[in-house]
Amino acid sequence: MLADTALMLLDPERMAPVLAGLGVLRGNPPASIELRSTWVKPGRYFNAHYSIVDDSGREGPATVSACLGDEARGRRVEDKAGTHTCEEGSRSICRACNTAYVSPGILLQSFPGDYRLPTLPRCLQPKRVRAETQGTFHPLDCEVVAYRPGMRCQISYSMKNRGRVFGKVAVEKRGAGYGFGVHARLYDALLSRARSVRLAEPLAYVEPLRLTLIAAAEGTDLSKSMRRNEEQA
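All of these numbers come straight from a predicted model, not from anything done at the bench.

Q: Now, about the pattern of salt bridges: what can you tell me, with residues and values included?
A: By the definition in use, this model includes three salt bridges. Note that R75 is salt-bridged to E71, the shortest N-O span being 3.4 Å. Within this pair, R75 and its partner E71 are both found in helix 3 (residues 71-81), separated by four residues, close to a single helical turn. Classification of R75 as partly exposed rests on a relative accessible area of 35%. Classification of E71 by relative accessible area gives partly exposed; the value is 47%.

Q: Please set out the side chain of T99 residue by residue, giving values where relevant.
A: As for its placement among the helices and strands, T99 is situated in strand 4 (residues 99-102). On the basis of relative accessibility, which here comes to 9%, the residue T99 falls in the buried class. Setting aside its immediate chain neighbours within four residues, T99 contacts L22, V77, A81, L107, L108, Q109 and G113.

Q: How would you sum up the sheet that holds strand 6 (residues 139-148)? Please name residues and give values.
A: Strand order in the open sheet formed by five strands is 6-7-8-10-9, with antiparallel pairing between adjacent strands. With one partner strand each, in any of the chains shown, strand 6 and strand 9 (202-206) form the two edges of the open sheet. Taken pair by pair, the neighbouring strands of this sheet meet at an average axis angle of 20°, ignoring direction. Strand direction decides the pairing type here: strand 7 (residues 152-159) and strand 8 (residues 163-170), joined by eight bridges, are antiparallel. Its bridge partner being in strand 8, R152 is matched across the sheet by A170.

About the thresholds
- Residues numbered from 1 in each chain as written.
- Predicted model: local features only at pLDDT ≥ 70, side-chain atom pairs only at ≥ 80, totals over all residues.
- Heavy atoms only, no water.
- Salt bridge = Lys/Arg side-chain N within 4 Å of Asp/Glu carboxyl O.
- Helix = DSSP H or I, 4+ residues; strand = E, 2+ residues; numbered from the N terminus.
- Buried < 20%, exposed > 50% of the residue type's maximum accessible area, 1.4 Å probe, protein only.
- Contact = heavy atoms within 4.5 Å.
- Pairing = 2+ DSSP bridges.
- Axes fitted to C-alpha atoms, helices over the stretch in contact; angles between N-to-C directions.

Written as structure tokens, this is what we have:
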């Protein structure tokens, strides 16, 4: 059963009726689904991430993630999301609309309603970031550049006075701000000892949002260089 369910997560056509059960879609079956990415670690997790357009013709949630899991875990997540507080037919969205456990063993979440990243929706609001940093940072807009459901999300902010700044909100089992602290120590060490190796400058850890802010680093993007070399090969 688990193997068949995992294969179903890779098939957008089979997932269409499953995703229609997510409250945020308001009962409109998806008109189109695109499998954007997967995250798989044998014995640990099997996640799939989709781009959705609903049957009403309007864009639904930008993305929906599906995670293979047992019923006990799925029901616990549903409990954390709480009960529906929005009215039937309303366009408003409550926390429960973003989460659903469906048989056989699939946990659905609409982005950015990630139960393990509770501050993520606020990190995507430039005004909230500006307020929580007491005006130190003035984001004008933001763009999600990478997202792994239940683990981390990387965000690119366009700043009024700083150009572009990158933010990351993530699950940190060793305590809030641990990753930022490690990054800051490495940055200081490399700055004084190894000029040939550079690390992006750590700017701030925003405790209320659990958000790490890092300066953009000048230079050539490694992933772009690798793709360019592959194309030339």
